[in-house]
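Commentary on secondary and tertiary structure
Below, each chain spelled out in residue letters.
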Amino acid sequence: MIRLLLADDEPMIRAGIRAILSADADIEIVAEAADGRAAVQLTQRHRPDVALLDIRMPQLDGLAATMEIRRTTPNTGVIVLTTFGEDSYIADALGNGASGFLLKSGDPRELLAGIHAVAAGAAYLSPEVAKKIIAELNSSGAAARKTRIATAQQRVEQLTNREREVLSLVGSGLSNAEIAGRIHVVEARSRRM
């Protein structure tokens, strides 16, 4: 049985989520909160397996509540469920320790799958959120590669012709003795180059 805390400041949203979760006999809602401070207190009291938090709540928002829950109740996995899929919210939620980030506009099956995944110790992102993160990683990864290539090219341009020749031979996989033989120096000296 997965014990769950549900926190959202809108009673109708909580009722809708409760209805979705009632379809899964393996999930039990042990507490509900209408604000972030109550979510933290109820999590500390009930020790649920998963805390499902909205981002925008009074008293303490879901991001701060996530951090506090993870600090004080580290065995409780946190899923942020929100209508706001902005990159900063995603990064802040995951940076504060959330194991899941779901959008309220998603399929209810995603909610159930996310709860089961986080309860099992895994992470879960709605497909739309995962797509954003992958796109960000791809673009930042490409930029980082371009920077590394440009830096390497600048360093190679600063080498003397002899140093470039040695670098080329090293890159070919030759040993120090083989490099020394090719450039006609004593092996001990080739190690210093």
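Residues numbered from 1 in each chain as written. Predicted model: local features only at pLDDT ≥ 70, side-chain atom pairs only at ≥ 80, totals over all residues. Heavy atoms only, no water.

Formed by 25 residues in total, the largest nonpolar core has its most connected members in Leu5, Ala7, Leu53 and Phe101. At the level of secondary structure, the elements contributing two or more residues to this core comprise β1 (2-7), β2 (27-33), α2 (36-46), β3 (50-53), α3 (62-72), β4 (77-82), α4 (87-95) and β5 (100-103). No other element matches the 4 residues that α2 contributes to this core. Dropping the residues within four chain positions of it, leucine 53 is found in contact with Leu5, Ala7, Ala39, Gly62, Ala65, Thr66, Ile69, Val78, Ile79, Val80 and Leu81. Leu52, Leu81, Ile115 and Val118 belong to the second largest nonpolar core, which has 15 residues in total. (Core = buried A, V, L, I, M, F, W, Y, C linked by side-chain atoms within 4.5 Å. Buried < 20%, exposed > 50% of the residue type's maximum accessible area, 1.4 Å probe, protein only. Helix = DSSP H or I, 4+ residues; strand = E, 2+ residues; numbered from the N terminus. Contact = heavy atoms within 4.5 Å.)

A few words on unusual backbone geometry. Residue arginine 47 is not a glycine yet carries a positive backbone phi of 50 degrees. A residue is classified by how much of its surface remains accessible, and arginine 47, at 48% relative accessible area, is partly exposed. The phi torsion at glutamine 59 lies on the positive side, around 70 degrees, for a residue other than glycine. Structurally, glutamine 59 is set in the loop between β3 and α3. Among the residues examined, glutamine 59 registers a relative accessible area of 58% and is labelled exposed.

Moving on, we get to the packing of α2 against α3. Packing of α2 against α3 brings their axes to within 9 Å, and their N-to-C directions diverge by 15 degrees. The angle between the axes of α2 and α3 places the two elements in the roughly parallel class. Where α2 crosses over α3, the handedness of that crossing is right-handed. Of α3, the residues touching α2 (which contributes Gly36, Ala39, Val40, Thr43 and Gln44) are Ala65, Glu68, Ile69 and Thr72. (Axes fitted to C-alpha atoms, helices over the stretch in contact; angles between N-to-C directions. Parallel < 35°, antiparallel > 145°, perpendicular 65-115°, else oblique. Left-handed = near helix turned anticlockwise from the far one by under 90°.)

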